[in-house]
Amino acid sequence: MSADSPILAAAEVTNLHKQFTTPWGRPGVYALKGVSLTIAEGEVYGLIGPNGSGKSTLMKALLGLVHPSEGTCAIFGIPSTDPISRAHVGFLPENPYFYKFLTGRETLRFYGRLCGIPRKTLKAKIDELLQLVGLEEAGNRRIGGYSKGMLQRIGVAQALIQDPRLVILDEPTAGVDPIGSRAIRDIILELKRRGMTVFLCSHLLEQVQEVCDRVGIIYQGVMMAEGSVDLLTEDLSRTEIILDYASPSFLNRMRSLIDQDPDAILRNIGHPHNSLEQVFFASLAQYMQTNQSDKK
């Protein structure tokens, strides 16, 4: 491929409309209204919005599970209406269902066989995926005994069983506790490190901000904003100065300089706040460290 060759988009949605019909002749409900987006190969793209905003409908249209009322969807240049477009896609729905009588290892073997993976290579692939999602020790336990977080992680593993080029994750941390949510976040970061394309749908804004390269904000079926995380979160009306261990005298001099600018407004000088997730894991680390010290 020459340097001037265009980069093939992993996923492309153009002017997508989706109207669901309603009974008794009432007007149809539009779930999507002219949505367009492009996901570059190798990036992590996050789609955020409240429940009912059209996130899942957009993902299903991209996967060919929902037929658009208007507009087009394509995966690696192949229309989503063509089943071949899903050959290189792994998908984790919001509420995946697994056979509870199977173990985690048997579940991955089942999906691997469905994908036509040879038996000779399937065992090594299952071992690799169980390690990736942190379920090596639980691989021989039945799915029925898994927690919600473990179910989501085995769901991510099944989405990766055929080495997809694009992974679509619909609310992967829905109903998952902070520890499980952190584990799934780390898995997404590892996929990103490996150069895999990830399309993430979530209403957890902090998680999306941590893992995504670009973000789309959707509300009532309309894409309200789109761009890189840095671009969307930057507040050009404010200037932030972060100092470590600044002396009181230095802070006083800073206040004097600010007072000399008639347009500058000093909002606050104080200590920054950590997120609740940071507080939770810091408290957990301190607790575990204390317990380990007590056992010695």
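The text that follows walks through the structure, step by step, so that each part is easy to find. (Residues numbered from 1 in each chain as written. Predicted model: local features only at pLDDT ≥ 70, side-chain atom pairs only at ≥ 80, totals over all residues. Heavy atoms only, no water.)

1. A few points about the sheet that holds strand β5 (residues 78-79)
Moving on, step 1. In space, the four strands of this open sheet follow the order β2-β1-β4-β5, with antiparallel pairing throughout. The strands lining the two open edges of the sheet, one partner per strand, are β2 (29-40) and β5.
Moving on, step 2. Packed onto the sheet, helix α1 (residues 55-62) meets β1 (9-20), β2 and β4 (70-75) and runs at close to 120 degrees relative to β1. (Pairing = 2+ DSSP bridges. Helix = DSSP H or I, 4+ residues; strand = E, 2+ residues; numbered from the N terminus. Contact = heavy atoms within 4.5 Å. Axes fitted to C-alpha atoms, helices over the stretch in contact; angles between N-to-C directions.)

2. Focus: the layout of surface pockets
Moving on, step 1. Taken as a whole, the second largest pocket spans an internal volume of roughly 380 Å³.
Moving on, step 2. In terms of lining residues, the second largest pocket is bounded by 17 residues, among which Val89, Gly90, Phe91, Tyr111 and Gln158 are the most central.
Moving on, step 3. Of all the secondary structure elements, the ones that give two or more residues to the lining of the second largest pocket are β6 (89-92), α2 (104-114) and α4 (148-159).
Moving on, step 4. When residues in the lining of the second largest pocket are grouped by element, the largest group, three residues, is from β6. (1 Å grid on protein atoms, 1.4 Å probe; cavity = no way out; pocket = protein on both sides within 12 Å on 5 of 7 lines; lining within 4 Å. Points joined across faces, edges and corners; volume = space filled by probe spheres on them.)

3. Description of the pairing of strand β9 (residues 214-219)
Moving on, step 1. Pairing geometry for strand β3 (residues 44-48) and β9, over four bridges, is parallel. Its bridge partner lying in β9, leucine 47 is registered against glycine 216.
Moving on, step 2. Relative to strand β10 (residues 222-228), β9 runs antiparallel, the two sharing six bridges. Within the sheet, the bridge partner assigned to isoleucine 217 lies in β10 and is alanine 225.
Moving on, step 3. Between β9 and β10, which pair antiparallel one after the other, the connecting turn spans two residues, and glutamine 220 there sits at a positive phi close to 50 degrees.

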